Amino acid sequence: MRVAVGGTFHIIHDGHKKLLEEAFNIGDFVLIGLTSDEFANSTRDYRVRPYKERYQNLLNFVSKFGKDFEIRMINDHYGPTIEEDFDYIVVSYETKRYAEEINIRRKLLGKKEMVIKNIGRVLGEDLIPITSTRIVKGKINENGKRLTELVVNVGSENMVKLRAVEKAFKKFFNFPVKVQGKKVDTKIKQPYNEDTIRLAIKRAEESIENGDYGVGIESGLMWSKTLKRYFDVHYIVIQDSLGYKNYSTSMGFLYPENFMEGLNNKTIDERFGEFYHEYNVGRKKGAIGFLTNGKLTREKIIEDAVKLALHQKANLYYYL
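In this convention, every chain numbers its residues from 1, walking through the sequence in written order. Local features in this predicted model are restricted to residues of pLDDT 70 or higher, and side-chain atom pairs are both shown and tallied only at a pLDDT of 80 or more, whereas totals for entire chains, interfaces and linings draw on every residue. Side-chain measures were taken over the full set of non-hydrogen atoms in the model, leaving aside hydrogen atoms and water.

Asker: So what exactly am I meant to see when it comes to the pairing of strand 6 (residues 150-154) here?
Answerer: Within a regular strand, side chains alternate between the sheet's two faces. Burial classes follow relative accessibility: with a 1.4 Å probe on protein chains only, a residue under 20% of its type's maximum area counts as buried, one over 50% as exposed, and anything between as partly exposed. A run of H or I in DSSP becomes a helix once it reaches four residues, and a run of E becomes a strand once it reaches two; helices and strands are each numbered from the N terminus. With respect to burial, strand 6 is a largely interior element, five of its five residues being buried. Inspection of the sheet shows strand 6 paired to strand 7 (residues 177-181) by five bridges, in the parallel sense. Directly across from Val152, in strand 7, lies its bridge partner Val179. Strands are labelled as partners when DSSP assigns at least two bridges between them. Both strand 6 and strand 8 (residues 213-224) contribute to a ladder of three bridges, which runs parallel. What sits directly across from Val152, in strand 8, is Tyr213.

As structure tokens, then:
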């Protein structure tokens, strides 16, 4: 069984180890494409170790498998896999797209497609994929252990949202976490339907800056065609420093019909003040807190929704 695998291998970390171990587990012969210095440095904002050093480190690691292999220099994402015959190609979740492109080009040449073996993502302790770049920056070590405080930027200055995010992240991680709010101008006072998720995405993207995570939280009114009524739902978007996003929603709930009849162009907060004489409800226990007599609160349902997004991020089945 001939297997192909490739990479830069600037630092042989746990992600690389899993990739190589899977290739040698499948194959009788493994071709390892090792990127040239020119190609490797063209895709990174730091200087990679010289090819000879990376070659020797790779040789030292794979020699223990006791199988036939070759390490060959490559100058692109494809190497010899378009022209030469291989049965399998082993990739990560992030590089799977290159294997799919290779198979398309092989098919056009009348060659059999390779079986793509996706090892998924190998996550650090902070649930962000282990990469050489993150190791170089001192965020994690080669085993994915977090070395610095985790910085979580939330696209809001609403303390209810900030407390909810802080509780969720601090319950999820056992190392220092710093949560801070960032002002994001959404220009929409009361979101409806798809604008809600779009604004949550905007809040996550614009808040992350130099942090490890950006979190966007937006509540909006989602129309049910069946009930012909609106559900109030919070959308949660968590974006990590590599740009990967995870999504979730809070539980949804309905407002009394006579409350909604007078909503018109007002926000929920404005309507609460007018109808119930309860002001700034969104910055306190929330509409759900008011309507459940405090049994549920806005802070708690946001916290649970953030946890849900983190649980999905941590589950490797999402990356296969």
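Asker: Just checking my understanding: could you explain the pattern of salt bridges for this structure?
Answerer: Close approach of charged atoms allows side chains with opposite charge to pair. The salt bridge definition used is simple: a Lys or Arg side-chain nitrogen within 4 Å of an Asp or Glu carboxyl oxygen. All chains considered together, the criterion is met by 30 salt bridges. Across the pair Lys111 and Asp85 runs a salt bridge whose closest N-O atoms are separated by 3.8 Å. Taken together, the residues Lys111 in the loop between helix 4 (96-108) and strand 5 (115-118) and Asp85 in the loop between strand 3 (68-74) and strand 4 (88-91) connect sequence positions 26 residues apart. Lys111 sits in the partly exposed class, given a relative accessible area of 25%. The salt bridge partner of Glu299 is Lys167, with a shortest N-O separation of 2.6 Å. With Glu299 in helix 11 (residues 298-314) and Lys167 in helix 6 (residues 159-172), this residue pair connects regions lying 132 residues apart in the sequence. By relative accessible area, which is 13% here, Glu299 ends up buried. You can call Lys167 partly exposed: its relative accessible area is 39%. Within the structure, one salt-bridge network assembled from shared partners comprises Asp126, Arg134, Lys139, Arg146 and Asp212.

Asker: What is the right way to read the packing of aromatic side chains from this model?
Answerer: A ring pair, where both rings are aromatic, is described by two values, the distance of the centres and the angle of the planes. Only centres within 6.5 Å qualify two rings of Phe, Tyr or Trp (six-membered ring in Trp) as a pair; their planes then separate them into stacked at under 30 degrees, edge-to-face at over 60, and tilted for everything else. Across all of its chains, the model carries 21 aromatic pairs by this definition. Ring geometry for Tyr51 versus Tyr55: centroids 6.1 Å apart, planes at 40°, classification tilted. Here Tyr55 and Tyr51 lie together in helix 3 (residues 51-62), a separation of four residues that amounts to about one turn. On the basis of an interplanar angle of 85° and a centroid distance of 4.8 Å, the ring pair of Phe275 and Tyr276 is categorised as edge-to-face. Exposure remark for Phe275: the relative accessible area of 30% places this residue in the partly exposed category. Grouped by ring-pair contacts, the aromatic residues Phe253, Tyr255, Phe259, Phe272, Phe275, Tyr276 and Phe290 constitute a single cluster. The lysine or arginine in question, Arg121, covers the ring of Tyr244, its NZ or CZ lying 3.8 Å from the ring centre. We count a charge as sitting over a ring when the NZ of a lysine or the CZ of an arginine lies within 6 Å of the ring centre and within 35 degrees of the ring normal. Above the ring of Phe259, the side-chain terminus of Arg271 is found at 5.6 Å from the ring centroid.

Asker: Got a minute to help me understand the packing of helix 6 against helix 11 in this structure?
Answerer: Helices that pack against each other are described as a pair by the angle of their axes relative to one another and the distance between those axes. One way to put it is that helix 6 packs onto helix 11 with a least axis distance of 8 Å and a crossing angle of 40°. If you check the angle between helix 6 and helix 11, you find them oblique. Crossing handedness for the pair helix 6 and helix 11: right-handed. For the pair helix 6 and helix 11, the contacting residues are Val160, Lys161, Arg163, Ala164, Val165, Lys167, Ala168, Phe169, Lys171 and Phe172 in the first and Arg298, Glu299, Ile302, Glu303, Val306, Lys307, Leu310, His311 and Ala314 in the second. For the contact of helix 6 with helix 11, a count of residues per class yields ten nonpolar, one polar and eight charged. Angular values range over 0 to 180 degrees, each being the angle between N-to-C directions of two axes fitted as lines to C-alpha atoms, with helices fitted over their stretch in contact. Geometric relationships in this document are graded by angle, where less than 35 degrees denotes roughly parallel, more than 145 denotes roughly antiparallel, 65 to 115 denotes roughly perpendicular, and other angles denote oblique. By definition, any crossing whose near helix is turned counterclockwise from its far helix by less than a right angle is left-handed, and any crossing with a clockwise turn is right-handed. Here, residues are in contact when the closest pair of their heavy atoms is within 4.5 Å. Gly falls in the polar group here, along with every residue not listed as nonpolar (Ala, Val, Leu, Ile, Met, Phe, Trp, Tyr, Cys, Pro) or charged (Asp, Glu, Lys, Arg).

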